[in-house]
Amino acid sequence: MCDVGSAGRLSAFLFLFSVVFVCQRYAFDFLSQHTHIKGTGGFLVKTKTYGLTAVHEGAPDKPNEDAFSIDEESGIVVVADGVTRSRRPDGGYPSIHATVAPEIIVFNVPVLLRALPSELNSLHRAFTCVNQFLGYVNNQLGYTPDVPNFFRHIDYLCAGAVVFWHPPHRHSRAALVGWIGDCRLFHLPTEGDTTLITRDQLLAWNGYYPRAFSEVGLSEDMRERVRSERLFWERKYIRNQKRAQTPTGGIIDGFGVFTGEPDAVDFIETAVVPVASGDRFIGVSDAFDACADDGGVGDLILILDSLREASPEKCAREALYQTRGAEKAKGVRSDDFTFVVVDVL
């Protein structure tokens, strides 16, 4: 793990680079909002990649709180999903700082990994340092977890993330994967079945809260009140809590997200994945879940398998098309969508 002293020495360095990067991305996002889509292609060492992120098709004042980065030389791909913030009492969305956490993660994780050994523990160290840095940023911006602030619609800047790292100089043909929250990484091998590498840490909570905080049949004002109550409980008792307490006194698995809270690092998960020529890896944010019906993740795998022979760009754009169609068909709230394809050559 990265100790507090090490994180402190990195803080000034990371802060300067992050401010410059975030400012550049704000300008780029402003231009891209007119088309609601942005993409980038490139070539990693022995890897062909394409990434796409698209803002939700909902409220125009809410920015895209997803982000991704592709480090072509170091073989690092990062997808981050910022946590939706509560609207202010006047109904406005706090968009000024909404994209800070995911942008910090997708920029700084590669910076740290390039300076660390190509080993699994380096993912944990990089994530830990980024979490501590987010704590510093939240403190500087005045965001705290105090209970009264939850009801004033103030919360930590925070995000979940998944990292795919295929070091070009690594002797074994293996990729290193790390994640927290509900971003996903799928592996479509040349031989064998498509598998989900990551674990959805929000699975227990997402299965519980629709019953405990139901919005069915409520007016818009009451729905917003119930949603605020849910977010309060989620932030205080579920998020970054290993044994999370439900409103009825039960215990379920909590979930992790980078907030700067020390307990967030307990939710960092890592894996080593064999890599072979012809394999495809896909990193996605949770908007893709709209395509899942009763089959759950199996429905998502069927879609990815059907696009196996498509180019990375066509695969990403078709997945976006199907996600938006599923959101409309189900009448669910549209979410920011990010989809990164990595083809091993």
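Quick notes on the rules
Residues numbered from 1 in each chain as written. Predicted model: local features only at pLDDT ≥ 70, side-chain atom pairs only at ≥ 80, totals over all residues. Heavy atoms only, no water. Helix = DSSP H or I, 4+ residues; strand = E, 2+ residues; numbered from the N terminus. Buried < 20%, exposed > 50% of the residue type's maximum accessible area, 1.4 Å probe, protein only. Contact = heavy atoms within 4.5 Å. Areas by Shrake-Rupley, 256 points an atom, 1.4 Å probe, with all protein chains shown as cover. Phe/Tyr/Trp six-rings, centres within 6.5 Å; stacked < 30°, edge-to-face > 60°. Lys NZ or Arg CZ within 6 Å of the ring centre and 35° of its normal. Salt bridge = Lys/Arg side-chain N within 4 Å of Asp/Glu carboxyl O. Pairing = 2+ DSSP bridges. Axes fitted to C-alpha atoms, helices over the stretch in contact; angles between N-to-C directions. pLDDT = per-residue confidence, 0-100. Core = buried A, V, L, I, M, F, W, Y, C linked by side-chain atoms within 4.5 Å.

**Side note on the overall build of the protein chain**
Phase 1: Within the protein chain, the regular secondary structure consists of 8 helices and 13 strands.
Phase 2: Out of the 345 residues in the protein chain, the part that is buried amounts to 54%.
Phase 3: Residue pairs at least 24 apart in sequence account for 66% of intrachain contacts in the protein chain once pairs closer than 6 positions are excluded.
Phase 4: Accessible area of the protein chain: about 15,500 Å², with a carbon and sulfur share of 56%.

**Topic: the packing of aromatic side chains**
Phase 1: This structure, assessed with the given rule, holds 10 aromatic pairs.
Phase 2: Geometrically, the ring pair formed by W205 and Y208 is stacked, given 5.8 Å between the ring centres and 25° between the ring planes. You can see W205 and its partner Y208 sitting in helix 5 (residues 203-212), 3 residues apart, about one turn around the helix.
Phase 3: Considering the side-chain rings of F337 and F339, the 5.9 Å spacing of their centres and the 10° angle between planes classify their relative orientation as stacked.
Phase 4: According to the relative accessible area criterion, F339 is buried, its value standing at 0%.
Phase 5: Geometry around Y209 places R230 over its ring, the cationic atom sitting 4.3 Å from the centre.
Phase 6: Positioned over the ring face of Y237 is K236, at 5.5 Å from the centre of the ring.

**Let's talk about the pattern of salt bridges**
Phase 1: Applying the stated rule across the entire model yields 16 salt bridges.
Phase 2: Here R199 and E269 are joined by a salt bridge, their closest N and O atoms 2.8 Å apart. Of this pair, R199 sits in the loop between strand 8 (195-196) and helix 5 while E269 is found in strand 11 (residues 269-274), placing the two residues 70 residues apart along the sequence.
Phase 3: In this structure, the salt-bridge partner of R223 is E215, at a minimum N-O distance of 3.4 Å.
Phase 4: In this structure, a network of salt bridges that share partners links the residues E57, R324, E327 and K328.

**Things to note about unusual backbone geometry**
Phase 1: One non-glycine residue, N240, adopts positive backbone phi at about 60°.
Phase 2: The residue N240 is located in the loop between helix 6 (220-238) and strand 9 (243-245) in this model.
Phase 3: On the basis of relative accessibility, which here comes to 3%, the residue N240 falls in the buried class.

**Observations concerning the environment of G142**
Phase 1: Relative to the elements of secondary structure, G142 occurs in the loop between helix 3 (120-141) and helix 4 (147-151).
Phase 2: For the pair formed by G142 and Y156, sequence separation is 14 residues and the distance between their alpha carbons is 8.9 Å.

**Examining the environment of P262**
Phase 1: For P262, the position within the fold is in the loop between strand 10 (251-253) and strand 11.
Phase 2: In this structure, the C-alpha to C-alpha distance between P262 and T128, residues 134 residues apart in sequence, is 8.8 Å.

**Remarks on the pairing of strand 3 (residues 66-71)**
Phase 1: Where burial is concerned, most of strand 3 is hidden: 5 out of the 6 residues are buried.
Phase 2: Looking at chain direction, strand 3 and strand 4 (residues 76-82) are connected through 6 bridges and run antiparallel. The partner of F68 across the bridge, within strand 4, is V79.
Phase 3: The hairpin turn running from strand 3 into strand 4, its antiparallel successor, is 4 residues long, and G75 in that turn takes a positive phi close to 70°.

**Regarding the sheet that holds strand 4**
Phase 1: Read from one edge to the other, the open sheet built from 5 strands follows the order 3-4-5-6-11, with strand pairing classed as antiparallel. In the strand order of this sheet, the two ends are held by strand 3 and strand 11, each with one partner. In this sheet, neighbouring strand axes are inclined to one another by 10° on average, regardless of whether the strands run parallel or antiparallel.
Phase 2: Docked against the sheet, helix 2 (residues 100-114) engages strand 3, strand 4 and strand 5 (159-165), running at close to 155° with respect to strand 4.
Phase 3: Where helix 3 meets the sheet, its contacts fall on strand 5, strand 6 (174-180) and strand 11, and the angle it forms with strand 6 comes to roughly 30°.

**Remarks on the confidence of the model for the protein chain**
The predicted structure's coordinates, where accompanied by low pLDDT, should not be read in detail.
Phase 1: Confidence in the prediction of the protein chain, expressed as mean pLDDT, is 84, and 82% of residues score 70 or more.
Phase 2: The low-confidence segment residues 19-38 (pLDDT under 50) makes 27 contacts with residues lying over four places distant or belonging to another chain.

**Structural notes on the nonpolar core**
Phase 1: V78, I105, V109, L113, V163 and F258 are the most contacted members of the largest nonpolar core, which has 33 residues in total.
Phase 2: For this core, the secondary-structure elements that each account for two or more residues are strand 4, helix 2, helix 3, strand 5 and strand 6.
Phase 3: Those residues within four positions of F258 in sequence are excluded, and the remaining contacts are I105, F127, N131, L134, L157, C158, A159, I180 and I268.
Phase 4: The next biggest cluster of nonpolar side chains, apart from the first, holds 25 residues, and it includes A290, C291, A319 and F339.

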